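Reading the structure
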Amino acid sequence: MVNQQSRRLSAMGRFYIYGLQGVFTEVVYTAIWELFFSRSRKLVGVSSIWAFFIYAFSQMFIERIHTKLISYKIHLVLRGMIYLLWTYFWEFSTGYTLKMFDACPWDYEQWFNWHFFGVITLEYAPFWYFGSIFAETLFIPSVNRLVWSTSQKNTKIVEKNKTRQMNTIKKSRSKSR
C-alpha cells in the first residue's frame, strides 16, 4: 500500500483557480451575448488579463467573508445581497481606477440605461446576485476541497532528484572557484 500525503490547496492556488474561472465565465457570457444580440454562431467570447485579477481577488474576498456570515447565521438571501453590494463596490473601484488609465476593458454606457460612469450597471444585478450565490454554495466549497496529493514513493523520488541537483550545483561551484 502506498502512503498518501495531502495538503490543502494554497491561497495562491485558489487565487489562480478563481481567476481562471472568472475569465472562463466571462468568455462564455460574452460569446452567448454575441449569439443573441449579433446573431453570431461563431461563439467568440472575449475577456481581459485585468479580469483574471479582478475575479480572483473578488472570489478570495467572498471566500473570507462567507465563513463569517454563516457563523453569524445570516440567511442565504441576505448573504447574496451582501455579495451583490461587494461585487458592485469591487467592479466600480477596479473599473473606475482602470478607466483613469484608459485601461478599463468594459464600458456599459453604449449598452445599458442604468449604468454609473459606464463601469457598473444595475441590469447585471441578477447575474451578480445569483453568480455570487453559486460561488458561495458550490464553487468555493469545491475549490476548498481540492488538495495536492502525492504518494510517499513519488515524494522520495523527488527528494532524491533534488539532492542530486544540489550535489551537481555544489560540484560545479567548487570547480569554478
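Here, every reference points to the structure presented above.
Residues numbered from 1 in each chain as written. Predicted model: local features only at pLDDT ≥ 70, side-chain atom pairs only at ≥ 80, totals over all residues. Heavy atoms only, no water.

**With respect to the overall build of the protein**
The number of helices and strands found in the protein is five helices and four strands. Going from N to C terminus, the protein has its helices and strands arranged as β-α-α-α-β-β-α-β-α. Buried positions account for 32% of the 177 residues belonging to the protein. Once local pairs closer than 6 in sequence are excluded, the contacts in the protein between residues at least 24 apart make up 66%. Total accessible area on the protein is roughly 12,900 Å²; 65% of this is exposed by carbon and sulfur atoms. (Helix = DSSP H or I, 4+ residues; strand = E, 2+ residues; numbered from the N terminus. Buried < 20%, exposed > 50% of the residue type's maximum accessible area, 1.4 Å probe, protein only. Contact = heavy atoms within 4.5 Å. Areas by Shrake-Rupley, 256 points an atom, 1.4 Å probe, with all protein chains shown as cover.)

**Concerning a nonpolar patch on the surface**
A contiguous nonpolar surface patch, about 530 Å² in accessible area, is contributed by Phe-24, Val-28, Ile-32, Phe-36 and Phe-37. Mapped onto the secondary structure, Phe-24 falls in helix α1 (residues 11-37). By relative accessible area, Phe-24 is classed as exposed at 56%. (Patch = residues over 30% accessible without salt bridge, like charges linked within 9 Å, V, L, I, M, F, W, Y side chains within 5 Å. Salt bridge = Lys/Arg side-chain N within 4 Å of Asp/Glu carboxyl O.)

**With respect to the nonpolar core**
One recurring pattern in soluble globular proteins: nonpolar side chains tend to sit buried together. In this structure, Tyr-88, Trp-106, Tyr-124 and Trp-128 are the most contacted members of the largest nonpolar core, which totals 16 residues. Among the elements of the structure, α2 (49-71), α3 (76-100) and α4 (125-145) are those that each provide at least two residues to this core. Setting aside its immediate chain neighbours within four residues, Trp-128 contacts Tyr-55, Leu-84, Thr-87, Tyr-88 and Glu-91. Core analysis: the next-biggest nonpolar cluster, separate from the first, contains 15 residues, Leu-9, Tyr-18, Phe-52 and Ile-62 among them. (Core = buried A, V, L, I, M, F, W, Y, C linked by side-chain atoms within 4.5 Å.)

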